[in-house]
Amino acid sequence: GVLISLVAVAVVLRLARWEELSVAFQSVQPINVVIAVILNLASLLLRTAAWRILLGGEVPFFQTFFILNIGYLLNNVFPLRAGEVGRVLLMGKASQKGPFFVLSTIVIERALDITLAGGLLAASLPFALSLDVDWAYPVALTTLLVVLSLLCALYLMARFRDRLGSWIQKLGERSSFLQKWVIPQIDSLFNGLQVLTNFRKFISCVFFLVLCWFVYLVIFYVLLLQVSPGVPFWWSAFGQSIVALGIAIPSAPGALGVYEASTVGAMTILGVSASSALAFALIMHFITFVITSILGFWGLAREG
């Protein structure tokens, strides 16, 4: 992951021109940064609402909010997606439902995120590459199919949990270790997947995530207008989807380099200069990093 980030940083710095980068930074108005910060906080509140539905709504809203940001803070400073482990352990304790229950909710959340990102990419590709989409459609459609297959598999696990549970119980009869340590955790995992069988809760979760993603697009657009005035709104859908899929690959903590390379790659396809795209990416990444880090440290203090 660190190697990938180093390569990404090297490529982006090679493409950018420092004089143009300075001009791009100077074009950004403070008021737009303030708007982006406020919208970023709104997106975190919406994501908290979605995750809280998956968790069953028993943990207070703001405790859920701060644990979410603790996870982002840990992802900012530690490798190997340590933030997800932090969320699992802290929320497992707060909810008293165990880490595997929480893990299942994070898997659902991530699957829905990638589904939305793939959907945005597929929807914006005809605009972005109207004359040459042959290479790009398979990427978007494959992503959607893989993630939708995962969601279907999770739904089937939740739908037929009794049959699966009986089968696993029979396997566990041969081993005391499995009966004591493994089977209870699998049962907890199944409990976390039950939201997929509750249509009302699942739709409510999707609703808040869709709103969260819409706010992401607005943030992207508000800042993009500063370095490339007059661009259409669909540019933010294309760019945000590329970034979301790009930072899913292994990287250094905080998606350093990979975030910038994904943004610059998406924007240069649309005709933005590499220097302007890099300035935009650095501002976007910095805002997200600072907000989640401050809220994460605040959350750590609250959780003791």
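Above: the structure in question.
Residues numbered from 1 in each chain as written. Predicted model: local features only at pLDDT ≥ 70, side-chain atom pairs only at ≥ 80, totals over all residues. Heavy atoms only, no water.

Caption draft 1: Molecular detail of the overall build of the chain. Across its full length, the chain holds 13 helices and zero strands. The secondary structure elements of the chain, listed N-terminal to C-terminal, are α-α-α-α-α-α-α-α-α-α-α-α-α. Among the 304 residues that make up the chain, the fraction classed as buried is 47%. Restricting the contact set of the chain to residue pairs at least 6 apart, pairs at least 24 apart contribute 70%. A total of about 15,200 Å² of accessible surface is found on the chain, and carbon and sulfur atoms cover 71% of it. (Helix = DSSP H or I, 4+ residues; strand = E, 2+ residues; numbered from the N terminus. Buried < 20%, exposed > 50% of the residue type's maximum accessible area, 1.4 Å probe, protein only. Contact = heavy atoms within 4.5 Å. Areas by Shrake-Rupley, 256 points an atom, 1.4 Å probe, with all protein chains shown as cover.)

Caption draft 2: Representation of the pattern of salt bridges within the structure. Taken as a whole, this structure holds eight salt bridges when the rule is applied. Between Glu-109 and Arg-47 there is a salt bridge, with its nearest N and O atoms 2.7 Å apart. Separated by 62 residues along the polypeptide, Glu-109 in helix α6 (residues 99-128) and Arg-47 in helix α3 (residues 30-55) bring together distant segments of the chain. For the pair shown, Glu-109 and Arg-47 are each scored as buried. Through salt bridges with shared partners, a single ionic network connects Arg-47, Glu-84, Arg-87, Glu-109, Arg-110 and Asp-113. (Salt bridge = Lys/Arg side-chain N within 4 Å of Asp/Glu carboxyl O.)

Caption draft 3: The arrangement of the layout of surface pockets in detail. Each pocket or cavity is described by its volume, and for the largest pocket that value is around 1,100 Å³. Put simply, the parts of the chain that give the lining of the largest pocket at least two residues each are α3, α4 (61-77), α6, α10 (199-227), α11 (234-246) and α13 (274-303). It is α13 that contributes the most residues to the lining of the largest pocket, six residues altogether. Residue classes in the lining of the largest pocket are distributed as 26 nonpolar, 11 polar and five charged. Taken as a whole, the second largest pocket spans an internal volume of roughly 240 Å³. In this structure, the second largest pocket is lined by 13 residues; those nearest its centre are Leu-256, Gly-257, Glu-260, Leu-282 and His-285. The set of elements that each furnish at least two residues to the lining of the second largest pocket consists of α1 (2-15) and α13. Ranked by the residues each element gives to the lining of the second largest pocket, the list is headed by α13, at five residues. (1 Å grid on protein atoms, 1.4 Å probe; cavity = no way out; pocket = protein on both sides within 12 Å on 5 of 7 lines; lining within 4 Å. Points joined across faces, edges and corners; volume = space filled by probe spheres on them. Nonpolar A, V, L, I, M, F, W, Y, C, P; charged D, E, K, R; others polar.)

Caption draft 4: Seen up close, the packing of aromatic side chains. As enumerated under the stated definition, the model contains 10 aromatic pairs in all. Taking 6.4 Å as the distance between ring centres and 45° as the angle between the ring planes, the aromatic pair formed by Phe-214 and Phe-233 counts as tilted. A residue pair is termed long-range when its members are at least 10 positions apart, and Phe-214 in helix α10 and Phe-233 in the loop between α10 and α11 qualify at 19 residues. Counting every residue linked through ring pairs, the aromatic cluster contains Phe-61, Phe-62, Phe-65, Phe-66 and Trp-298. Directly above the aromatic system of Trp-51 lies the positively charged group of Arg-87, at a separation of 4.2 Å from the ring centroid. (Phe/Tyr/Trp six-rings, centres within 6.5 Å; stacked < 30°, edge-to-face > 60°. Lys NZ or Arg CZ within 6 Å of the ring centre and 35° of its normal.)

Caption draft 5: Quick peek at the side chain of Asn-76. Here Asn-76 is to be found in helix α4. When its relative accessible area of 13% is taken as the criterion, Asn-76 is described as buried. Here Thr-292 takes part through its side chain, which lies 3.1 Å from a polar atom of the side chain of Asn-76. (Polar contact = N/O pair within 3.5 Å; in protein donor to acceptor, adjacent residues only side chain to side chain.)

Caption draft 6: Quick peek at unusual backbone geometry. Phi is positive for Gln-96, which is not a glycine, with a value near 60°. Take Gln-96: its relative accessible area is 73%, and that puts it in the exposed class. A positive phi angle is found at Ala-255, which is not glycine, with a value near 55°. Owing to a relative accessible area of 14%, Ala-255 belongs among the buried residues under this scheme.

Caption draft 7: The arrangement of the side chain of Ser-95 in detail. When you line up the elements, Ser-95 lands in helix α5 (residues 82-95). Excluding anything up to four places from it in sequence, Ser-95 contacts Glu-58, Val-59 and Val-102.

Caption draft 8: Looking closely at the nonpolar core. Formed by 72 residues in total, the largest nonpolar core has its most connected members in Trp-51, Val-102, Ile-108, Leu-223, Leu-224 and Met-267. With 12 residues, the top contributor of residues to this core is α10. Setting aside chain neighbours within four positions, we find Val-102 in contact with Trp-51, Leu-55, Arg-87, Val-88, Met-91, Gly-92 and Ser-95. (Core = buried A, V, L, I, M, F, W, Y, C linked by side-chain atoms within 4.5 Å.)

Caption draft 9: Summary view of a nonpolar patch on the surface. A cluster of nonpolar residues, Leu-3, Val-7, Val-11 and Leu-15, forms a patch on the protein surface that exposes about 380 Å² of accessible area. Locating Val-11 in the fold gives a position in helix α1. Using a relative accessible area of 44% as the deciding quantity, one classes Val-11 as partly exposed. (Patch = residues over 30% accessible without salt bridge, like charges linked within 9 Å, V, L, I, M, F, W, Y side chains within 5 Å.)

From the geometry alone we can't say anything about function, so treat these as descriptive.
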